[in-house]
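Chain residues, written in single-letter form:
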Amino acid sequence: MRVGVDKTAIDINPEEMAGVGFMGYGAPENYLHPEAKHETPYVRTIAMEDEAGGRHLWVNIEAQGPGNIVRMKLWHLLNEGLEPSDPAYIHHEQLTVIANHTHSMLGGDREHSIYNATVPGYQPRVADLYARTMAESVRKALGKLQPGVVQWERAYFNDDAKDERVSKPTADTGGNRSILAYLAAEGLDIDSHWVIRQKRMQDAGNYKRHAVELMVVKDLKHEILGMMNWIDVHATSVRNTNQAIDTDNKGELSRMAEEDHGLAAVVASNPGMGTGDVSPNRAQTTGLISYHPDWERGMFEKDDFKSKRRNAREQLETLYHGLKQLKYKNVDEGKIKQRSVTVRMDGLWVRPEYRLTTADGRYVYEGERVSGPALGRAFTDGTPVDGRGEPLAGKALVMLSHLTGVDKDMKAEHGSKQIVVDGRNQQLAGLRAKTLKNTLGVLLSPTPDEPYTHDVARELGYMSYFGGLEETEYLPQEATLQLVQVGEQYVLTLPFELTTQAGRVLLEQTAKKLGVEDDRVLIVPYANGYNGYVTTPSEYEVQQYEGGHTLYGPNTLGGICTVMAGLVDRLQNDFSLTGVAKDISEPKYADPMKLKNFNNSRYVQSYLQRWEANRKWWREQREKKMGG
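Bear in mind the structure is a predicted one, so any value in this text is a computation, not a measurement. (Residues numbered from 1 in each chain as written. Predicted model: local features only at pLDDT ≥ 70, side-chain atom pairs only at ≥ 80, totals over all residues. Heavy atoms only, no water.)

K.L.:
I'm lost on unusual backbone geometry in this one. Help?
P.N.:
The bulk of non-glycine residues show a negative phi, and the bulk of peptide bonds are trans. Not every positive phi belongs to a glycine, and D248 is a case in point at roughly 60 degrees. Residue D248 is classed as buried on the basis of its relative accessible area of 0%. Despite not being glycine, Q426 has its phi angle at roughly 55 degrees, a positive value. Note on placement: Q426 falls in the loop between strand 15 (419–422) and strand 16 (427–428). (Buried < 20%, exposed > 50% of the residue type's maximum accessible area, 1.4 Å probe, protein only. Helix = DSSP H or I, 4+ residues; strand = E, 2+ residues; numbered from the N terminus.)

Printed below as a string of structure tokens:
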């Protein structure tokens, strides 16, 4: 085995990028301010090559989850001037782009409108910057290839272990965000008093499955060259009013690990591991979730930065526990094999064995196929732990959806979801872009009674009013899924966030299909694009945030299990895939602030001016009310 590692800074000029929104929270105030104190984000790459010349490239970027267009840009940059027959050519399935999923990093790098509403718009300069930096890191990692070994280990958070610096169990760095959905997935009573539900969520949220998965590469002297650590905790400790680039708790973990081992020697990448509904942001002091605008964040209440360092330190302790166990594991030497496929999710067939029911079996979703992409109202409501969204705007969209009939048209395939965005038919609340121009941009404008409706829906209305929705997909239609084998270890990569329960189902089903133990299978989300959430049918039926953001309906998990089973067949039988690499065209529109008449319209000012005016009014009203 030959291995090579690299760490390259993402060179962001705050003056040039000022005003670009951060991706993740969807809050207009969450944008880059040039005068804020910014951290330096990085791309980290681990390249590996087996004795037969088989290669795989693991590229980790400290961002929220770049769109597939960024991966395709990277692929073209790496293969510029090369033919597929050239030994240096990087094949599509040999490349995995993974995100740390920080919510304090530049957005606008996805090609789908719904994720660009508060950025504002698709930002080619951000997508190009990410792709160029990743290409530079990959080339340097390939240039450093040397004989080495690869080792794997999994370590778990210990509920009983105490960190003497914080006096809280280490497992407190992770808790499930959607209370009702979690209880429903476990088949528990969700109708009991809300305080009891809250307590049960906190007890259940600290189960011992929170883990760290280590992929460590060493030279022949067994000196660590680099490691990729998949941490079973969400990477968002910094709140949605932040205006500085921040790598959050996993970036902090990388920095700590690299300092401990020597910056020149170690690459410490820390993307997530299959747990979109696990968060470190619970209100610790009261034991109850706060809906206050200044909601508490983790142990140190209003100090996000202390909380992120505390979360990172506890994750680091578990990481080091895993490193100590490495000597007891056999080194994985062997071939590198991989299979990937890009599938259209709409209409994807689900094998009978993967057609799932709710926890108690009382509700079976009809049909044997995955639905077309659609967002539900629960998406606009936010989560009780990580901060509320805009439920009033969600209600308005649901009313419009009912009036236009889109909720009735899609009800059969999307079950309990209240549809607000239909990606198959390019409709927002049942209205197409041209109709939206004359309706939604005005309807969802701020008013003195409700100035705080600056959410995704309203910004989409403004974008549509000025032509920003007419020539681009609202929601992603396709997903790239990947199965990689390194020695005896299997890695599943997919462009989704999975709830803990959905991750368990996918892991167990794939391990069974492979004929190996669960600890030989690793699920890696936030990879090769971003397509929202994946829930179990029980969680989906409850329709909290994750269910509302499960784009492809209640059969999504079954469809993914089916695709992964097909990749297992192709990997084990050495079936090659063709046509998996698809070129993606740039969206035909760019920054909506540059669209015709946007800045000259009498209806709106610039994006940031609108936000600042609304926010100032809202603060004044709040101060008056509190003062009275």
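K.L.:
When you look at the nonpolar core in this model, what are you seeing that I'm missing?
P.N.:
Burial of nonpolar side chains together is a common tendency in soluble globular proteins. Core analysis: the largest hydrophobic core is formed by 90 residues, its most contacted members being I12, L95, L106, Y130, M134, L481 and L506. Ignoring anything within four residues of it in the chain, the contact list for L481 reads R339, S340, V341, V343, T493, L494, I560, V563, M564 and L567. In this structure, V3, V5, M215 and A527 belong to the second largest nonpolar core, which totals 24 residues. (Core = buried A, V, L, I, M, F, W, Y, C linked by side-chain atoms within 4.5 Å. Contact = heavy atoms within 4.5 Å.)

K.L.:
For this particular structure, what's the right way to read the sheet that holds strand 18 (residues 489–493)?
P.N.:
Note: strands within a sheet are paired through backbone hydrogen bonds, in either parallel or antiparallel orientation. The strand order 11-17-18-20 describes an open sheet built from four strands, whose pairing is mixed. Of all the strands in the sheet, the pair left with one neighbour each is strand 11 (336–344) and strand 20 (521–524). Pairwise comparison of adjacent strand axes, ignoring direction, gives a mean angle of 15 degrees for this sheet. As defined by bridge partners, strand 17 (residues 478–486) adjoins strand 18 across five bridges and the pair is classed as antiparallel. Each residue of the ladder has a partner; that of Q482, found in strand 18, is T493. (Pairing = 2+ DSSP bridges. Axes fitted to C-alpha atoms, helices over the stretch in contact; angles between N-to-C directions.)

K.L.:
Teacher, can you tell me more about the pattern of salt bridges here?
P.N.:
Side chains that carry opposite charge are capable of pairing whenever their charged atoms lie near each other. The full count for this structure, using the stated rule, is 22 salt bridges. Here R339 makes a salt bridge to E93, at a shortest N to O gap of 4.0 Å. Of this pair, R339 sits in strand 11 while E93 sits in the loop between helix 2 (68–78) and strand 4 (95–99); the two residues are 246 residues apart in sequence, bridging distant segments of the chain. Residues R339 and E93 agree in their burial class; the two are buried. Two residues, K308 and E252, come together in a salt bridge whose shortest N-O distance is 3.9 Å. In this pair, K308 is assigned in helix 7 (residues 304–325) and E252 in helix 6 (residues 248–261), connecting sequence segments 56 residues apart. Accessibility expressed as a relative area gives 5% for E252, which makes it buried. One network of salt bridges, with partners in common, ties together E39, D246, E252, R255, E259 and K308. (Salt bridge = Lys/Arg side-chain N within 4 Å of Asp/Glu carboxyl O.)

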